[in-house]
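Now for the letters of each chain:
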Amino acid sequence: MTRQRSVLVNEEQRLNSSQVKEINPQNKEGKDYSQYFQSVYVPPNLKEAKKRGKEQVEYQHDFGIESEFANMGIGRKFYIRTYGCQMNEHDTEVMAGIFMGLGYEPTNTVEDANVVLLNTCAIRENAENKVFGELGHLKLLKRNNPDVLIGVCGCMSQEESVVNKILKTYDQVDMIFGTHNIHRLPNILHEAYLSKEMVIEVWSKEGDVIENLPKVRRGEIKAWVNIMYGCDKFCTYCIVPYTRGKERSRRPQDIIQEVRHLAAQGYKEITLLGQNVNAYGKDLDDSSYRLGNLMDDLRLIDIERIRFTTSHPRDFDDHLISVLAKRGNLVEHVHLPVQSGSTSMLKLMARKYSREQYLELVQKIKYAIPNVALTTDIIVGFPNETEEQFEETMSLYREVGFEMAYTYIYSPRDGTPAAKMEDNVPMEVKKDRLQRLNNLVNQFALEAMERYNGEVVEVLVEGESKKNPDVLAGYTRTSKLVNFVGPKDIIGKRVLIKINQTKTWSLYGELIEVLSGQEVGVL
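Here goes a summary of the coordinates provided. Here the residue index of a chain counts from 1 through its sequence in written order. At least 70 in pLDDT is required for a residue's local features to be given in this predicted model, at least 80 for side-chain atom pairs to be given and counted, and no such filter applies to totals for whole chains, interfaces and linings, which use all residues. Calculated side-chain values reflect all of the structure's heavy atoms, with hydrogen atoms and water omitted.

Considering the packing of helix H13 (residues 387-400) against helix H14 (residues 427-450)
Part 1 of the reasoning: Each axis is a line fitted through C-alpha atoms, taken for helices only over the stretch in contact, and angles between the N-to-C directions span 0 to 180 degrees. To qualify as a helix, a DSSP run of H or I must reach at least 4 residues; to qualify as a strand, a run of E must reach at least 2; elements of each kind are numbered from the N terminus. At a minimum axis distance of 11 Å, the contact between H13 and H14 shows a crossing angle of 10 degrees. Viewed along their axes, H13 and H14 adopt a mutual orientation that is roughly parallel. Touching Glu387, Phe390, Glu391, Met394, Tyr397 and Arg398 of H13 are Arg433, Arg436, Leu437, Leu440, Val441 and Phe444, all from H14.
Part 2 of the reasoning: Each residue gets one of three labels, nonpolar for Ala, Val, Leu, Ile, Met, Phe, Trp, Tyr, Cys and Pro, charged for Asp, Glu, Lys and Arg, and polar for the others, Gly among them. For the contact of H13 with H14, a count of residues per class yields seven nonpolar, no polar and five charged. These descriptions rest on fixed angle ranges, namely under 35 degrees for roughly parallel, over 145 for roughly antiparallel, 65 to 115 for roughly perpendicular, and the rest for oblique. Every residue pair with non-hydrogen atoms within 4.5 Å of one another is taken to be in contact.

Side note on the sheet that holds strand S2 (residues 77-82)
Part 1 of the reasoning: Two strands pair if DSSP finds at least two bridges between them. With parallel pairing, six strands are arranged side by side in an open sheet as S3-S2-S4-S5-S6-S7. Each edge of the open sheet is held by one strand with a lone partner, namely strand S3 (105-106) and strand S7 (199-201).
Part 2 of the reasoning: Direction of pairing for strand S6 (residues 175-177) relative to S7: parallel, over a ladder of three bridges. Bridge pairing in S7 links Phe177 to Glu201.
Part 3 of the reasoning: Each of S2, S3, strand S4 (115-120), strand S5 (149-154) and S6 touches helix H3 (residues 86-101); the most contacted strand, S2, lies at about 175 degrees to it.

Considering unusual backbone geometry
Part 1 of the reasoning: For the bond from Thr309 to Thr310, the omega torsion is 5 degrees, close enough to zero to count as cis.
Part 2 of the reasoning: Locating Thr310 in the fold gives a position in the loop between strand S13 (305-309) and helix H10 (318-324).
Part 3 of the reasoning: You will see that Gln339, though not glycine, has its phi angle at about 75 degrees, which is positive.
Part 4 of the reasoning: Within the element layout of this structure, Gln339 appears in the loop between strand S14 (333-335) and helix H11 (343-348).

Let's talk about helix H9 (residues 291-298)
One turn of the α-helix equals 3.6 residues, which is why residues spaced by three or four share an orientation.
Part 1 of the reasoning: Only protein chains enter the area calculation, which uses a 1.4 Å probe; residues under 20% of their type maximum are buried, those over 50% are exposed, and those in between are partly exposed. With six of eight residues buried, H9 lies mostly within the body of the structure.
Part 2 of the reasoning: Listing the buried residues of H9 in full gives Leu291, Gly292, Leu294, Met295, Asp296 and Leu298.
Part 3 of the reasoning: Elements that come into contact with the buried residues of H9 comprise helix H8 (252-264), strand S12 (269-273), S13 and H10.

Remarks on the packing of H8 against H9
Part 1 of the reasoning: At a minimum axis distance of 11 Å, the contact between H8 and H9 shows a crossing angle of 30 degrees. Our classification of the angle between H8 and H9 gives roughly parallel. Once H8 is placed against H9, the crossing between them reads as right-handed. On the side of H8, the interface is formed by Ile255, Ile256 and Val259, while H9 contributes Leu294, Asp297 and Leu298.
Part 2 of the reasoning: A breakdown of the residues in the contact of H8 with H9 according to their chemical character gives five nonpolar, no polar and one charged. By definition, turning the near helix anticlockwise from the far helix through less than a right angle yields a left-handed crossing, and turning it clockwise yields a right-handed one.

Section: the packing of aromatic side chains
Part 1 of the reasoning: For this analysis, a ring pair means two rings from Phe, Tyr or Trp (six-membered ring only for Trp) whose centres lie within 6.5 Å, classed as stacked if their planes differ by under 30 degrees, edge-to-face if by over 60, and tilted for the remaining angles. Enumeration over the complete set of coordinates arrives at 11 aromatic pairs.
Part 2 of the reasoning: Their ring planes at 5 degrees and their centres at 4.5 Å tell us that Phe78 and Phe99 sit as a pair that is stacked. Placement of Phe78 in strand S2 and of Phe99 in helix H3 is noted, with a sequence separation of 21 residues between them.
Part 3 of the reasoning: Taking relative accessible area as the criterion, Phe99 reaches 0% and is therefore assigned buried.
Part 4 of the reasoning: With centroids separated by 5.1 Å and ring planes inclined at 55 degrees, the aromatic side chains of Tyr397 and Phe402 adopt a geometry described as tilted.

Points about the pattern of salt bridges
Part 1 of the reasoning: One speaks of a salt bridge when a side-chain nitrogen belonging to Lys or Arg is within 4 Å of a carboxyl oxygen belonging to Asp or Glu. Going through the model one piece at a time under the given rule, you end up with 35 salt bridges.
Part 2 of the reasoning: Across the salt bridge formed by Arg494 and Glu304, the nearest N and O atoms sit 2.7 Å from each other. Linking Arg494 in strand S20 (residues 494-502) with Glu304 in the loop between H9 and S13, this pair joins segments that are 190 residues apart in sequence.
Part 3 of the reasoning: A relative accessible area of 3% means that Arg494 is categorised as buried.
Part 4 of the reasoning: Ionic contacts of the salt-bridge type, sharing partners, join the residues Lys222, Glu269, Glu304, Arg305, Arg307, Glu458, Glu462 and Arg494 into one network.

What about the sheet that holds strand S15 (residues 373-380)?
Part 1 of the reasoning: Pairing in this open sheet of three strands is parallel, and the strands run S14-S15-S16 from one edge to the other. This sheet does not close on itself; its edge strands, each paired only once, are S14 and strand S16 (404-409). Ignoring which end each strand starts from, the neighbouring axes of this sheet average 10 degrees apart.
Part 2 of the reasoning: Of the strands in this sheet, S15 and S16 are in contact with H13, which crosses S15 at around 175 degrees.

Describing the pairing of S13
Part 1 of the reasoning: The buried fraction of S13 amounts to five of the five residues, a majority that puts the element mostly inside the structure.
Part 2 of the reasoning: Alternating positions in S13 separate into two faces, Arg305, Arg307 and Thr309 on one and Ile306 and Phe308 on the other, with burial throughout.
Part 3 of the reasoning: Relative to S13, S12 is paired through five bridges, and the arrangement is parallel. Residue Glu269 lies in a different strand from S13, and its bridge partner there is Arg305.

Considering the nonpolar core
Part 1 of the reasoning: By size, the foremost hydrophobic cluster in this structure holds 58 residues, and its most contacted members are Leu272, Leu291, Leu294, Met295, Phe316 and Ile365.
Part 2 of the reasoning: In this structure Met295 touches Leu272, Ile306, Phe308, Leu320, Val323, Leu324 and Leu330, once residues within four positions along its chain are discounted.
Part 3 of the reasoning: The set of buried Ala, Val, Leu, Ile, Met, Phe, Trp, Tyr and Cys residues whose side-chain atoms join them within 4.5 Å is what this entry labels a nonpolar core. Of all hydrophobic cores here, the second largest spans 33 residues; its members include Tyr83, Cys121, Val162 and Ile176.

Regarding the side chain of Lys480
Part 1 of the reasoning: Structurally, Lys480 can be placed in the loop between strand S18 (472-476) and strand S19 (481-485).
Part 2 of the reasoning: Judged by relative accessible area, Lys480 falls into the buried class, the value being 7%.
Part 3 of the reasoning: Here a polar contact is recorded for every N or O atom pair within 3.5 Å, except that within protein the pair must consist of a potential hydrogen donor and a potential acceptor, and residues adjacent in sequence are included only if both atoms are side-chain atoms. For Lys480, the side chain forms a polar contact with the side chain of Glu403, separated by 2.5 Å.
Part 4 of the reasoning: Each residue touching Lys480, except ones within four places of it in the same chain, is listed here: Ala373, Glu403, Met449, Tyr452, Gly474, Tyr475 and Leu507.

Describing the side chain of Thr120
Part 1 of the reasoning: With respect to the secondary-structure elements, Thr120 resides in strand S4.
Part 2 of the reasoning: Reaching out from Thr120, the side chain makes a polar contact with the backbone oxygen of Cys153 at a distance of 2.7 Å.
Part 3 of the reasoning: There is a polar contact of 3.1 Å between the side chain of Thr120 and the backbone nitrogen of Met156.
Part 4 of the reasoning: Apart from residues lying up to four places away in sequence, Thr120 is in contact with Tyr83, Asn88, Val131, Val152, Cys153, Gly154, Cys155, Met156 and Ser157.

Below is the structure:
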């Protein structure tokens, strides 16, 4: 029989469940352990997750480690493996902060860990298969070390089919929790230690915005800052609106305070995060305060570079463009997912814009920021995509002149409208189209790089090259990787590099000058 304890759909249900009458009320002498042996299983519900109510989002600033959980991790180590997007990476930073607040120490290997967490991604089938493969490997770890706790969290945990599969197949898992209740990690760990059964706590509906969560940031040069959570676009292929909930914006003052704090700590670059980042502010009491207003306020802070991701073309307004055109510490790089160059495909995907509207937006951005670098996301082989429609994507890519693209073969996601469509494009056709598209992407990437040959560019030095420790590496304002030889003490600083060699995905050059102060604006 599969081990299971409980799945809590939302905070209200969690609170209500504590009001349930005890099974053994007569036992008043000793501690009642019956709560740890009750089995109540309510699976995550995608239909419930799709609902977009008008409930007021609460903002909580009082997060703290409860006294009963203090020192829980003393003498114990944790390991988190992260899959997927920057939002997941940032969630891992938060969970690492909570672990260390509980007294745990980080480790780089699962063999040394007392707790192993897989922070998962649900965006594509391949990402899910990697997680299930890793769970298979962890079965031996659990067999050799029964006391280790194994947990699955992140977007996959929000899917009914995934939770059911874990319950049926992977009994080495001790706990499952989702994206909406990371702040309850201490409670979940506490239950997992006490319970003989699998602890499952997944909220189908999003919770409040929790501020002041601890974070252990990866590195000391660049930092991620969440400005909003969730997505309300419901593109027909995308599971994110279900796994991340409705759009909830953080309050401007909280974001500005966090960025100021990062600047004071010496961080040089921040990236503002959101599933649909330029929908920021729509849900705030003052709905006129949008991403453009936030960027206009943040550019006044003494931090050297500010980026944001990921944008939806529908919400990319003229005010934001005008603010980005002020430059300074606002970089000249815009990632603008198009997904397809065919209006009929875009309609089937429920992207809410046409090819013509996308191209009009691109022209506005290029006019305001003449040397902007544009990058994108593209899906090939979406249901019913014809050769002609695919060629429209290829022609749009040429017309825009993207400098890079993330390209994918369409992957059906259970619970999305597209999953009900007939997946009628043969796999060999999908692969052929992806190859042709990638050839074009590589061609345009190389051409973009070649334009830098002989130019002097500003580079934020991030550290040693992964391929050669004697070489330093960093990125330009337009997000181009640059390798060069220089002293280690310039890591974390902005430098000027003269480019003398170009490749498809990287530039090579020589150190010209180390910059100081706010001398920005060199690409």
